[in-house]
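Chains, contacts and geometry: an overview
In case you want the letters, here they are:
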Amino acid sequence: MSVLVVGSTALDSIKTPRAEAPRLLGGSASHAALAASFFAPVRLVGIVGRDFPGRYLALYRRRGIDLAGLQVAEGRTFHWAGEYEVNMNHRRTLRTELGVFERFQPQLPAAYRTTPFVLLANIAPALQHHVLDQMRWPRFVLADTMDLWLNTALPDLLRLLRRVDALVLNDGEARQLSGEDNLLAAARRIHRLGPAHVIIKKGEHGSLLSGPDGLFLCPAYPLARVVDPTGAGDSFAGGLMGYLARAGGNPRRHLRAAMLHGSVVASFCCEGFGVRRTTRVTRAEIARRVAELRRLARVD
Ligand code: AMP
């Protein structure tokens, strides 16, 4: 089964304490689509400008990503620049240039509208709504978001939460959205806003799922060296949805395994700048890390 991914398709300029790289392929939808493509066919909805390098389009295509929903418009591609501190959990946004995203109205190709798995990757909630309006009875909808939308588009986001099966957000965002400091209390409050499943990411400390089947604690794959964590959250969400689409059936039964797979794809994402490592990894390497993660978390 296929996954539809909508989100930002961007050029990222990233600076870490060790190195920097300009205008890499980035954006929430790019990271998520690449991650999902390991497991299932992916349909991408987004917009890029005429300056978007052809080699990046070729890269999507190499991963079998369907680009019928990717608009190429007059103007410049969304550009994001960020800088990490020595502690890479801390990141500063240096620049956000919306470019063609400013007037983006996603129009879904007819064939996309019945896609069963929908990932609303991080983008303005109004655009996430716009995509959802065009879908016919999706089986499972997961939304991602960021603090920017909590600060600038909260009413739209709250309306969106009533329309999705699952919300993924990081610990800080969960606290901000719920007004609760304790993450379990935060999850409980967020359930009341709509989503049956709430996934809270805690960076290198893993993530937690709260839902109708109770709680699940998902470990992060331990890495001795992080090169660039940009897109780790998007890779997590993409890997998770790709896995659910591949598993088919009732997503509830596969959510835990899906989170493990998302966690592993995110670990690969952190090992290279932009999508460099993610695009080179193999299914076999992913499977090996998933098996290792299962071993690391097992108690006899
Ligand atoms: P993450 O590291 O998971 O938070 O995601 C990083 C990605 O989010 C980068 O590739 C950026 O291009 C993208 N991004 C940054 N700011 C925004 C924004 N305001 N809207 C959509 N995507 C963004």
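On a predicted model such as this, the values are computed, not experimentally measured, just so you know.

Considerations on the packing of helix H1 (residues 28-36) against helix H8 (residues 232-247)
In contact at an axis separation of 7 Å, H1 and H8 are set at 40° when each is read in the N-to-C sense. In terms of orientation, H1 lies oblique with respect to H8. Every pair of crossing elements has a handedness; the one defined by H1 and H8 is right-handed. For the pair formed by H1 and H8, the contact residues are Ser28, His31, Ala32, Ala35 and Ala36 on the first element and Asp234, Ser235, Gly238, Gly239 and Gly242 on the second. Of the residues that constitute the contact of H1 with H8, the class distribution is three nonpolar, six polar and one charged.

Re the packing of aromatic side chains
For the structure on display, the rule yields six aromatic pairs. Here the aromatic rings of phenylalanine 39 and tyrosine 243 are separated by 6.3 Å at their centres, their planes lie at 75°, and the arrangement is edge-to-face. In this pair, phenylalanine 39 is assigned in the loop between H1 and strand E4 (42-49) and tyrosine 243 in helix H8, connecting sequence segments 204 residues apart. We classify phenylalanine 39 as buried; its relative accessible area is 6%. A network of ring pairs unites the aromatic residues Phe38, Phe39 and Tyr243 as a single cluster. The lysine or arginine in question, arginine 63, covers the ring of phenylalanine 38, its NZ or CZ lying 4.1 Å from the ring centre. The side chain of arginine 289 reaches across the aromatic face of phenylalanine 268, ending 3.9 Å from its centre.

Considering the site of the ligand
Around the ligand there are 18 residues in total, and Ser8, Asp12, Gly27, Gly231 and Asp234 lie nearest to it. Arginine 91 places a polar side-chain atom, nitrogen or oxygen, 2.9 Å from an oxygen atom of the ligand. Glycine 233 places a polar main-chain atom, nitrogen or oxygen, 3.4 Å from an oxygen atom of the ligand. Contact with the protein chains hides 89% of the accessible area of the ligand, taken as 510 Å² for the molecule alone. Of all the elements in the fold, those that place two or more residues in the shell around the ligand are strand E2 (10-15), strand E6 (78-84), helix H4 (147-152) and H8. Considering only residue class, the shell around the ligand consists of seven nonpolar, eight polar and three charged.

Some details on the sheet that holds strand E5 (residues 66-73)
In a beta sheet, neighbouring strands pair by backbone hydrogen bonds and run either parallel or antiparallel. With mixed pairing, the nine strands of this open sheet are ordered in space as E5-E4-E1-E8-E9-E10-E11-E12-E13. Every other strand in the sheet has two partners, leaving E5 and strand E13 (214-218) as the edge strands with one partner each. When the angles between neighbouring strand axes are averaged without regard to direction, this sheet yields 15°. The pairing of strand E8 (residues 117-120) with strand E9 (residues 140-144) spans four bridges and is classified as parallel. Bridging across to E9, phenylalanine 117 finds its partner in phenylalanine 140.

Observations regarding the sheet that holds E6
The sheet built from four strands is open, its strands ordered E3-E2-E6-E7 with mixed pairing. Edge strands, defined here as strands with exactly one partner in the open sheet, are strand E3 (20-26) and strand E7 (91-97). Neighbouring strand axes in the sheet, compared pairwise and without regard to direction, differ in orientation by 20° on average. As paired strands, E6 and E7 are joined by six bridges and run antiparallel to one another. Residue pairing for E7: glycine 82 is matched across the bridge by threonine 93. Against the sheet, H1 contacts E2 and E3, and its axis sits at roughly 65° relative to E3. On the sheet, helix H2 (residues 54-62) packs against E2 and E3 and is oriented at approximately 50° with respect to E3.

Things to note about the environment of methionine 135
Structurally, methionine 135 can be placed in the loop between helix H3 (125-133) and E9. C-alpha separation for the pair methionine 135 and leucine 4, spaced 131 residues apart in sequence, amounts to 10.0 Å. Once residues lying within four places of it in the same chain are set aside, the contact partners of methionine 135 are Leu4, Leu108, Tyr112, Arg113, Thr114, Thr115 and Val118.

Some thoughts on the pairing of E3
Pairing geometry for E2 and E3, over five bridges, is antiparallel. Bridge pairing in E3 places aspartate 12 opposite leucine 24. Where E2 folds back onto E3 in an antiparallel hairpin, the turn is made up of four residues.

Topic: the pattern of salt bridges
In a structure, side chains of opposite charge can pair up when their charged atoms sit close to one another. Throughout the structure, instances matching the rule amount to 13 salt bridges. Notably, a salt bridge pairs arginine 50 with glutamate 74, separated by 2.8 Å at the nearest N-O pair. Of this pair, arginine 50 sits in the loop between E4 and H2 while glutamate 74 sits in the loop between E5 and E6, and the two are 24 residues apart along the sequence. Residue arginine 50 is classed as exposed on the basis of its relative accessible area, which comes to 53%. Residue class for glutamate 74 comes out exposed when judged on its relative accessible area of 52%. One salt-bridge network, in which partners are shared between bridges, spans Lys15, Glu83 and Arg92.

Cut-off values and rules
- Residues numbered from 1 in each chain as written.
- Predicted model: local features only at pLDDT ≥ 70, side-chain atom pairs only at ≥ 80, totals over all residues.
- Heavy atoms only, no water.
- Axes fitted to C-alpha atoms, helices over the stretch in contact; angles between N-to-C directions.
- Helix = DSSP H or I, 4+ residues; strand = E, 2+ residues; numbered from the N terminus.
- Parallel < 35°, antiparallel > 145°, perpendicular 65-115°, else oblique.
- Left-handed = near helix turned anticlockwise from the far one by under 90°.
- Contact = heavy atoms within 4.5 Å.
- Nonpolar A, V, L, I, M, F, W, Y, C, P; charged D, E, K, R; others polar.
- Phe/Tyr/Trp six-rings, centres within 6.5 Å; stacked < 30°, edge-to-face > 60°.
- Buried < 20%, exposed > 50% of the residue type's maximum accessible area, 1.4 Å probe, protein only.
- Lys NZ or Arg CZ within 6 Å of the ring centre and 35° of its normal.
- Near = heavy atom within 4 Å.
- Polar contact = N/O pair within 3.5 Å; in protein donor to acceptor, adjacent residues only side chain to side chain.
- Areas by Shrake-Rupley, 256 points an atom, 1.4 Å probe, with all protein chains shown as cover.
- Pairing = 2+ DSSP bridges.
- Salt bridge = Lys/Arg side-chain N within 4 Å of Asp/Glu carboxyl O.

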